[in-house]
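Understanding the architecture of this molecule
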Amino acid sequence: MSTANTPISNSNLLAPLSNWNEHKSHEHVVQFYSEDEALITGLSSFIGTALNAGDAAIVIATKAHRDALIQSLSLHWMDQSKGLKQGRLIMLDAQETLSKITDDGWPDAVRFTEIVGGLVDRARAACEGVNSTVVAFGEMVSLLWAEGKSDAAIRLEQLWNELAKLRSFSLRCAYPITGFGRGEHSEPFLKICAEHSNIIPSESYTALNTEPERLRNISILQQKALALETETAEHREVRRSLQRRESELADILENAIEGVQQVGPDQTVLWANKALLSLLGYSAHEYVGHSLSEFHVRRDVFEAFWAKLMRREDIYDFPAELLCKDGSIKQVVIHSNGLWESDRFVHTRCFVRDVTERKRLEQSLLSAEKQAAMGRVAAIIAHEINNPLETVTNVFYLLRDHPSLDEDARELARVANDEIARVRHIARQTLAFCRDSGSPVPVSLRLVLDAVLEAFRGQAQKSGIVVERRISTDGLVLAFPVEVRQILINLIANAIQAMPSGGTLRVSLRRVTEQMRPGKRPGVRATITDTGVGIPVDHRDKIFQPFFSTKEEKGTGLGLWVSQGIVQKFGGAIRFRSKKSRTGFITSFAVFIPTDATSVSVA
Amino acid sequence: MRRVFPLHNSRTSAAVGTETNRNAKGVSILCIDDEKSGVEVRKRLLESAGYRVTTARSGQEGIQQLRSEPFDMVLLDYWMPSFNGVATARELRSIDPAVPIMILSGLSQLPDETIGVVDRWILKDEGPEYLLAAISSLLKSRH
C-alpha cells in the first residue's frame, strides 16, 4: 500500500483532475460543477492550454463566466488580448447566441450549423499551425436546462455531436450539478451524459488528488446513493399514504353533514363543503370567492367573530345568523380557529351547525311554558279579583238608586258604579292576554258573532242602530273562544259607540280560501262596518297604541291594542278603513283569523 | 281538560236589559256561594229585582235546601272548596231534573263536564245588568 497516497496524473484516471486540460482528444466532455470557481479553474486550464499551444478557442458563455474566465486566463495562462487580436479566442454571449439558433425555444439544426459551424471555421482559420486544434466551450445547453427545457438541451447536445462529425474540434459543456437535485432529473441526466464521450464529476470528486481518496469517495457516494434510494422509496410511500389520507379527509369534509369552510386573511371564502352550500342554498361560485361578511346578517356579530380569530382565540358555539339565497335566515353556531404560520394568518377553518330548528323549538317551548304559567296566574287572579269585584259592583249598583240615600250620595254611588265598571273592563282586557294556553278548540265565528250581537241588541236599539248581518259561513277556526269573543266585543262596542245618533252596523263573515290569497293561509274574515263619526286622519296611526282613547272617561284605550295582540298571536291581522261618505263616514274593521283545520266541526 | 266557549253550549240565549223583571215577583232562587259577603250582596241584588232568594254557603247546604223545598232556579258558584259547582249541580239535577241551573264563575273557561250539566254559565265580571238579564232570559225560556 505504499502507493496509496501517491498523487495521480490525468492520463491514467477514470476521471480527470479539476484542472484537466486535455484538448487534443476531440472529445465531447461535460463538466458538472458546484461552484463557479471550480468551473472557471477547469475552463481556464482547458482554454489557456489550447491558446498557449497556438490553437484556437470558442467560448459561448454567460457574461459572468466570460469575465471570470478572462481574469483567470490573464493571471495563469497568457495575455488573452493577444488571442483575441489574432482571432484565436472567440467569445460570445450564451443567451444571445441561443436566441439566434433556436426557434421558439427549440434548437434549429440549419441555423446551428450555419452559425456555430461558421465559428469553428473562423477559429480554425486563425490558428497558427497546420495541425492546430479548435476547442470550444458552450453553456447554451445549461441555460436551456435551467429554463426547464431538458429536451431542448439534449437536442442541442446532439447538434454539437452532429457538427463534430463534419468539423474537427474538442468540445466541453458545463452544467451546475445543483440543477439536478430532484429524483425526476435522473432520466434526463442520464440522457445528457449519454450525449458525451467523457464526464467530469463535480469538484467534490475531482479535487481529490489520490486514488485512495477517490475510492473512499466513491464508496461514500455509493452508500449515500443507496441510503437516498431507500429513503426516496420510503418517502414515496409516505407521500402516497399522505395523499391517500388527504384525499380521504377532503372527502370526509366535503361530504360531512355539518357545514365546513375555509376563509382567507382578507375574509374571502376559500372553500365550502356541500353541506354548507346546501344549507344556505348557494352554488359554489355564488359563495366561494365572496367575502364572508356578505353572508352574515349582523355586521357587529361578524366583526366580533373576526376579532376573536385575529386574537388567535379558538371559537366554540359562536351564535350567528347567516343569509340564505332565498332571503331566509339560518340560525347557526360556529366552531372556528385560525391556522397561523409564525405571525401570518393563513386561513380559518369554520364548522357551521344549523340550529334554526332547535332555536325555534326552544323559543316555542319557552313561549308555551310562559303562556301556561301566565295562564295559571291569570286564572287565579281572575278568580281572586272577580269575586270581590262582583260584590263591590253589585253594592254600588244597589246604592245608586237606594231610597235611604239622598240624591248626592246616590250620585256618588253612580260615579263609583261607573268607575267599578271601568275597573272590570280593564281587568278583563288585561287578563285576555294571559289566558290559560291549553289547546285551541274549534270555534264558530258565526255563533260567537250571534251571541255578541244579541248581547248588544238592547244598546243598539236604544241608539237607533240598524244591524245588518251578511254571514255566508260558519266561520270555523281553531282558536281560544274567549279571545275571539273579546275581539268581536271590542270591535262591535266601538262601532256602536261611534254611532250615538244612530246608523247602520254591518257585520259580515266570509271564508278566505287559498285560491283567493295565493301563498297565504286560509281563514275567516269578519268585517264590522259602521256609519258613525269616523276616525280622524291624525288618529289613524295611534288607534292600536295602548291607552289611546277618544272616548274620554268611558274608554280604557286598551280594546284595539288587546284585540290586535290577540289576533297577531294566532297569525291573523286587523285592518281598518275610514272614509267620508255622502251622509258621514263609513268605517270598517276587518279581522282575519287563519285556520288550517278546514274540516273541523263545532265542539 | 278541553275547554269550550260557554255560548256554544248554552241552552238559551241571553238578552241584556236593565229593567226589573215584571215576572220576577214570587220567583224563588236558591243562591249557593261560599263567599259570605258576595252571596249576601247578590241576594239583595236579586231581591231588588223582585226575586225571592234563599242562600246557602256550601254545595252540601244547597243540596239540603233543594231537598227540603222546591226552587224556580238555582244560581251556583263554580269555585267552592270541597264540593265544587259541577258536583253540586249534578246532585241538584238528581233531586230536581227540571230546575234551571246557572253557574257563575270568576274563570273565563270551564271544563266540558260543567257545561254539560248546567243550563247556562256566565262570568262574574259581566256586571249586574247582564246577570239579571241572563236570569230573566233563562227563566223565560222555561215558562
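About the criteria used
- Residues numbered from 1 in each chain as written.
- Chains lettered and ligands numbered in written order.
- Predicted model: local features only at pLDDT ≥ 70, side-chain atom pairs only at ≥ 80, totals over all residues.
- Helix = DSSP H or I, 4+ residues; strand = E, 2+ residues; numbered from the N terminus.
- Contact = placed C-beta atoms within 7 Å.
- Buried ≥ 20, exposed ≤ 12 C-beta atoms within 10 Å, placed from the backbone.
- Pairing = 2+ DSSP bridges.
- Axes fitted to C-alpha atoms, helices over the stretch in contact; angles between N-to-C directions.
- Parallel < 35°, antiparallel > 145°, perpendicular 65-115°, else oblique.
- Nonpolar A, V, L, I, M, F, W, Y, C, P; charged D, E, K, R; others polar.
- Core = buried A, V, L, I, M, F, W, Y, C linked by C-beta atoms within 7 Å.
- Right-handed = clockwise from strand over helix to strand, strands pointing away.
- Expected span 1.5 Å × (residues − 1).
- Arc of directions from axis to C-beta.
- pLDDT = per-residue confidence, 0-100.

Further remarks concern the overall build of chain A. Helix and strand content of chain A: 19 helices and 20 strands. A fraction of 69% describes how many contacts in chain A between residues 6 or more apart in sequence connect residues 24 or more apart.

Counting secondary structure elements, chain B contains six helices and seven strands. Along chain B, helices (α) and strands (β) appear in the sequence β-α-β-α-β-α-β-α-β-β-α-β-α when read from the amino end. A burial count over chain B gives 51% of its 143 residues as buried. A sequence separation of at least 24 residues applies to 67% of the contacts in chain B between residues at least 6 apart.

Residues and elements named next belong to chain A. The phi angle at Arg312 is positive, at roughly 65 degrees, despite the residue not being glycine. Along the polypeptide, Arg312 turns up in the loop between α13 (299-310) and β11 (315-323). Positive phi, normally seen in glycine, also occurs at Ser342, with a value near 55 degrees. Counting through the fold element by element, Ser342 comes out in the loop between β12 (329-341) and β13 (344-354). Looking at Ser342, the number of C-beta atoms within 10 Å reads 4, which means it is exposed.

So, about the sheet that holds strand β2 (residues 56-61) of chain A. For sheets, the rule is that strands pair by backbone hydrogen bonds, running either parallel or antiparallel. Residues and elements named next belong to chain A. Read across the open sheet, the six strands follow the order β3-β2-β6-β7-β1-β8; overall the sheet is parallel. On the outer flanks of this sheet lie β3 (89-93) and β8 (198-200), each paired with one strand and no other. Adjacent strand axes in the sheet meet at a mean angle of 15 degrees, parallel and antiparallel pairs treated alike. In this structure, β2 lies alongside β3, joined through five bridges in parallel fashion. Its bridge partner being in β3, Val59 is matched across the sheet by Met91.

Residues and elements named next belong to chain A. It is at 9 Å that the axes of helix α7 (residues 150-166) and helix α8 (residues 186-194) come closest, and there the two elements cross at 10 degrees. In terms of orientation, α7 and α8 fall into the roughly parallel class. Two secondary-structure elements touch here, α7 through Ser150, Ala153, Ile154 and Glu157 and α8 through Pro188, Lys191 and Ile192. Tallied by class, residues from the contact of α7 with α8 come to four nonpolar, one polar and two charged.

Residues and elements named next belong to chain A. Taking strand neighbours across the sheet as the criterion, the five strands line up as β10-β9-β13-β12-β11 in an open arrangement whose pairing is antiparallel. Each having just a single partner strand, β10 (269-272) and β11 make up the two edges of the open sheet. Sheet twist, expressed as the mean angle between neighbouring strand axes with direction ignored, is 30 degrees. Where strand β9 (residues 259-263) lies against β13, five bridges are found, and the strand directions are antiparallel. When the bridges of β13 are listed, Val263 appears paired with Thr348. Where α13 meets the sheet, its contacts fall on β11, β12 and β13, and the angle it forms with β11 comes to roughly 145 degrees.

Residues Ile47, Ala57, Ile58 and Val59 of chain A are the most contacted members of the largest nonpolar core, which totals 50 residues. Considering each element in turn, this core owes the most residues, eight residues, to helix α1 (residues 36-52) of chain A. Once residues lying within four places of it in the same chain are set aside, the contact partners of Val59 of chain A are Ile47, Arg66, Leu69, Met91 and Phe137 of chain A. Of all hydrophobic cores here, the second largest spans 44 residues; its members include Ile32, Ala49, Ala56 and Leu139 of chain B.

Here we take up the pairing of strand β5 (residues 101-105) of chain B. Residue and element names in this part refer to chain B. β5 sits mainly inside the fold: five of its five residues count as buried. What you see with β5 is no split at all: Ile101, Ile103 and Ser105 on one side and Met102 and Leu104 on the other are buried throughout. Sheet topology note: the strand β4 (residues 73-77)/β5 ladder contains four bridges and is parallel. Bridging across to β5, Leu75 finds its partner in Met102. Handedness of the β-α-β unit built from β4, helix α4 (residues 85-95) and β5 comes out right-handed. Here β5 runs beside strand β7 (residues 120-123); their pairing, made up of four bridges, is parallel. Bridge pairing in β7 places Leu104 opposite Ile122.

On to helix α2 (residues 36-48) of chain B, then. All names here are of chain B. The terminal C-alpha atoms of α2 lie 18 Å apart, and with 13 residues this matches the ideal 18 Å at 1.5 Å per residue to within 8%. Within α2 the residues assigned to the buried category are Gly38, Val41, Arg42, Leu45 and Leu46. Looking straight down α2, one finds its buried side chains confined to an arc of 140 degrees; they lie on one side. Positive backbone phi, approximately 105 degrees, marks Gly50, located one or two places after α2.

What follows concerns the confidence of the model for chain A. Confidence along chain A averages 84 in pLDDT terms, with 87% of residues attaining 70 or more. Note on residues 597-603 of chain A: pLDDT is under 50 here. Beyond four places in sequence and across chains, it has 15 contacts.

Bringing the packing of helix α3 (residues 59-68) of chain B against α4 of chain B into the picture now. Residue and element names in this part refer to chain B. Running from N to C, α3 and α4 point in directions that differ by 10 degrees, and their axes come no closer than 10 Å. By the angle class used here, α3 and α4 are roughly parallel. Where α3 abuts α4, its residues Gly59, Gly62, Ile63, Leu66 and Arg67 lie against Ala87, Thr88, Glu91, Leu92 and Ile95. Class assignment of the residues belonging to the contact of α3 with α4 gives a composition of five nonpolar, three polar and two charged.

Next up on the list: the environment of Ala256 of chain A. All names here are of chain A. Turning to its location among the elements, Ala256 is positioned in the loop between α10 (211-254) and β9. Expressed as a C-alpha distance, the spacing of Ala256 and Lys274, which sit 18 residues apart in the sequence, is 7.9 Å. What Ala256 contacts, discounting residues up to four positions off in sequence, is Asn273 and Ala275.

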